[in-house]
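# Secondary and tertiary structure notes
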Amino acid sequence: MDASLWVAKTGLNAQQTRMSVISNNLANVNTNGFKRDRAVFEDLLYQNIRQAGGQTGADTNAPNGFMLGTGTRIVATEKMQGQGNMIATENALDLAVEGPGLFQILQPDGTLAYTRDGSFKLSQNGELVNSAGYLLQPQIVIPQEAASISVGTDGPMSIEPANGGGNQQIGQLQVASFINASALESLGQ
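Just so we're clear, the structure is a prediction, and the values are computed from it rather than from any experiment.

Here is what the cut-offs are and how they apply
- Residues numbered from 1 in each chain as written.
- Predicted model: local features only at pLDDT ≥ 70, side-chain atom pairs only at ≥ 80, totals over all residues.
- Heavy atoms only, no water.
- Phe/Tyr/Trp six-rings, centres within 6.5 Å; stacked < 30°, edge-to-face > 60°.
- Helix = DSSP H or I, 4+ residues; strand = E, 2+ residues; numbered from the N terminus.
- Buried < 20%, exposed > 50% of the residue type's maximum accessible area, 1.4 Å probe, protein only.
- Expected span 1.5 Å × (residues − 1).
- Contact = heavy atoms within 4.5 Å.
- Core = buried A, V, L, I, M, F, W, Y, C linked by side-chain atoms within 4.5 Å.

Tallying each qualifying case throughout the model produces two aromatic pairs. With 5.1 Å between their ring centres and 90° between their planes, F103 and F120 make a pair best called edge-to-face. Of the two residues, F103 is situated in strand β5 (residues 102–106) and F120 in the loop between β6 (112–115) and β7 (121–122); the sequence distance between them amounts to 17 residues. Like F120, F103 is buried.

Given a rise of 1.5 Å per residue, 25 residues ought to cover 36 Å, and the 36 Å separating the end C-alpha atoms of helix α1 (residues 3–27) matches this to within 8%. For α1, the complete set of buried residues consists of T10, A14, V21 and N25. Taken together, the buried residues of α1 touch β1 (37–43) and β4 (72–79).

This paragraph deals with the nonpolar core. One finds F103, F120, L128, L136 and I140 to be the most contacted residues of the largest nonpolar core, which totals 13 residues. Put simply, the parts of the chain that give this core at least two residues each are β5 and β11 (156–161). Setting aside its immediate chain neighbours within four residues, F120 contacts N91, L93, D94, L95, F103, I105, L128, V129, N130 and L136.

Summarising the element assignment, L187 is placed in the segment after β13 (175–176). For L187, a relative accessible area of 58% gives the class exposed. Residues L187 and A113, 74 residues apart in the sequence, show an inter-C-alpha distance of 8.6 Å.

What follows is about unusual backbone geometry. Leave glycine aside and you will find that most residues have negative phi; peptide bonds, for their part, are mostly trans. The residue after Q137, namely P138, is reached through a cis peptide bond having omega -10°. Tracing the sequence through the fold places P138 in the loop between β9 (135–137) and β10 (146–151).

From the geometry alone we can't say anything about function, so treat these as descriptive.
Right under this line is the structure:
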C-alpha cells in the first residue's frame, strides 16, 4: 500500500473513533452526573529519510533533516472532570457535589462504585438509594416522621420531625476523592 494512503487511513480511523466519543457525549447530554470523554491522540513513528546535519556532498551538510510521519492514533479517552450545571429540582433528595468528589454507592456484589449522579430516592426502609436501588454509603436512613430534610454545605443531613422538636442530625454525607479521577473505569448506570 502506498505510504500516503496508509497515513490517511490512520487519520480516518482516529477521526472515526473521535466521532464515536463525541456521539456518546451527545447521547448522554441529559444523563445526571455524566462526565464527557475526550479523545487523546498521538503521532506514530517517523521515518528518518535524511538526518539534519548529515553530509550531502564532499564539503556540504544538510541544514535540515527530512522526516516523514507515518500517521496518528488514539491512545486513550479521558474523562473531563469539570463542574457540570446544577439544576434546582425541588426534590429534597436530589443532591449535587460542588467541586471534586463522588458519591459512594454499594453495589449488590458488596463493592463500592462512585457517581456524580445525586438523584436519590427512599427505599421501602427509608434508606437513601440511587435510581437502581443501590445504597448510598455511608448509609443514611430517613425516619418516617420526618417533615423536612436539609443538608449542610459540609454534608450533615438533618430532619425536622413532623411533631416539632427542632432539627435532628441523622447522618453525614461523605464524598470520595481521587488523585487521578480521569482514570476511573466507567461502569454505566
